[in-house]
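In case you want the letters, here they are:
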Amino acid sequence: KSYETLLTEIRGSVALVTLNRPKALNALNSTLMAELADVLSLYEKDDAIGAVVLTGSEKAFAAGADIKEMQGLDFVDAYVSDFIGGWDAVSTFRKPLIAAVSGFALGGGCEVAMMCDFIIASDTAKFGQPEITLGIIPGAGGSQRLTRAVGKAKAMDLVLTGRMMDAAEAERAGLVSRIVPAERLIDEAVEAAQKIASFPRAAVMMAKEAVSRSFEVTLTEGLRFERRLFHSLFATEDQKEGMAAFVEKRKPAFRNR
Ligand code: HXC
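Computed from a predicted model, the values in this text were never measured in an experiment.

Here we look at the sheet that holds strand β6 (residues 104-106)
Link 1 in the chain: Ordered by their spatial adjacency, four strands build an open sheet running β4-β6-β8-β9, and the pairing between neighbours is mixed. Strands at the two margins of the open sheet, each flanked by one partner only, are β4 (60-62) and β9 (164-166). Taken pair by pair, the neighbouring strands of this sheet meet at an average axis angle of 20°, ignoring direction.
Link 2 in the chain: The pairing of β6 with strand β8 (residues 126-128) spans three bridges and is classified as parallel. Following the sheet pairing, F104 is matched in β8 by K126.
Link 3 in the chain: Strands β4, β6 and β8 of the sheet are contacted by helix α5 (residues 108-115), whose axis makes an angle of about 90° with β6.

Brief notes about the side chain of Q239
Link 1 in the chain: With respect to the secondary-structure elements, Q239 resides in helix α12 (residues 237-247).
Link 2 in the chain: Residue class for Q239 comes out buried when judged on its relative accessible area of 16%.
Link 3 in the chain: Here Q239 is in contact with L233 and F234, once residues within four sequence places are set aside.

Concerning unusual backbone geometry
Link 1 in the chain: Of note in this structure, L25 is not a glycine but carries a positive phi near 50°.
Link 2 in the chain: By the secondary structure assignment, L25 is in the loop between β2 (14-19) and α1 (30-45).
Link 3 in the chain: Phi angles above zero are rare outside glycine, and N256 is one such case at about 55°.
Link 4 in the chain: One can find N256 in the segment after α12.

Quick word on the site of the ligand
Link 1 in the chain: Near the ligand, the surroundings consist of 25 residues, among which K59, A63, A65, I67 and G108 are the closest.
Link 2 in the chain: At 2.9 Å from a nitrogen atom of the ligand is found a main-chain nitrogen or oxygen belonging to A63.
Link 3 in the chain: The backbone of I67 places a nitrogen or oxygen atom 2.9 Å from a nitrogen atom of the ligand.
Link 4 in the chain: A total of 1000 Å² of accessible area belongs to the ligand in isolation, and the protein chains cover 66% of it.
Link 5 in the chain: Contributions of two or more residues to the shell around the ligand are made by α2 (67-70), β6 and α5.
Link 6 in the chain: Per-element tally for the shell around the ligand: the top contributor is α2, with three residues.
Link 7 in the chain: For the shell around the ligand, the residue count by class is 15 nonpolar, four polar and six charged.

Focus on the side chain of D238
Link 1 in the chain: As for its position among the elements, D238 is in helix α12.
Link 2 in the chain: Buried charged residue D238 carries no salt bridge. Nearest counter-charge: R255, at 6.2 Å.
Link 3 in the chain: Here R255 takes part through its backbone nitrogen, which lies 2.8 Å from a polar atom of the side chain of D238.
Link 4 in the chain: Setting aside chain neighbours within four positions, we find D238 in contact with P200, F254, R255, N256 and R257.

Quick notes on the rules
Residues numbered from 1 in each chain as written. Predicted model: local features only at pLDDT ≥ 70, side-chain atom pairs only at ≥ 80, totals over all residues. Heavy atoms only, no water. Pairing = 2+ DSSP bridges. Helix = DSSP H or I, 4+ residues; strand = E, 2+ residues; numbered from the N terminus. Axes fitted to C-alpha atoms, helices over the stretch in contact; angles between N-to-C directions. Contact = heavy atoms within 4.5 Å. Buried < 20%, exposed > 50% of the residue type's maximum accessible area, 1.4 Å probe, protein only. Near = heavy atom within 4 Å. Polar contact = N/O pair within 3.5 Å; in protein donor to acceptor, adjacent residues only side chain to side chain. Areas by Shrake-Rupley, 256 points an atom, 1.4 Å probe, with all protein chains shown as cover. Nonpolar A, V, L, I, M, F, W, Y, C, P; charged D, E, K, R; others polar. Lys, Arg positive; Asp, Glu negative; His and termini not counted. Salt bridge = Lys/Arg side-chain N within 4 Å of Asp/Glu carboxyl O.

Shown next, in the form of structure tokens:
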């Protein structure tokens with residue numbers, strides 16, 4: 001399937017999705033976000049895909065929601081159409097989703113990166129929530145996910161001043177999991193995704209679900225949820241295979257059962 005604003009490529013069990021509106025620094029317009037939701041729903045159903053990498057260009061992961069598209073909105077339009085409600089398709093995607101960020105990840109771009117399970121950044125990456133400079137505030141999780149990722153002090157600083165932080169600051173703050181040289185970015189992210197995709201699918205999806213749950217519930221409820229999922233994995237063939245392979249000093253042959 002081909003898209004107007006996305007490029008897609010399958011590498012082994014990994015799907016690489018590239019945001020592709022280069023003239024607008026990958027500004028996230030409604031076409032792009034609808035196409036992203038569409039492709040993710042296909043990959044969620046596709047047993048051949050174990051993980052997805054989402055990336056942009058070298059210059060920009062995405063410079064934000066499309067300002068030219070938003071400019072004329074009024075309150076009633078925004079509210080009644082649930083403007084950007086469709087973006088939740090990224091955060092509700094059930095397979096691992098890695099953001100590979102080079103260049104600008106601003107506003108909605110930073111928010112989409114934060115909807116992914118983790119962010120691998122090139123040394124050229126720049127993150128920020130500049131909405132305040134336009135007279136709005138983050139609307140797709142910037143005030144919430146950024147605060148959980150980097151804490152109140154840095155989140156307030158970024159959201160209130162609109163300044164950008166570079167890759168090193170973002171890594172120190174806990175927003176990104178690794179920094180790699182720009183030319184290594186895609187390969188590193190795809191290799192990480194490929195490794196994830198090599199593990200038993202149910203365990204991988206439950207691991208994602210369990211960590212994600214920690215942002216939603218109390219510690220007691222989160223621990224209870226984790227324990228239930230943990231116990232349930234002993235019902236899988238791949239648990240038997242993984243542990244037998246370890247004991248027999250051989251490589252496991254997982255079958256996603
Ligand atoms: C629409 C955008 C855009 C955006 C860049 N462009 N960002 N178009 N929406 N968010 C367009 C420019 O208009 C320009 O088009 C082209 O991309 C290249 O951008 P330049 O500004 O010329 O590039 P440069 O000088 O290198 O500056 C890069 C930049 C700057 C610092 C990233 O483009 C910028 O500040 N962009 C806006 C960042 C921002 O405010 N993002 C938050 C948006 S609000 P032309 O046609 O002139 O060549 C948001 C709300 C989220 O995201 C909340 C709900 C989701």
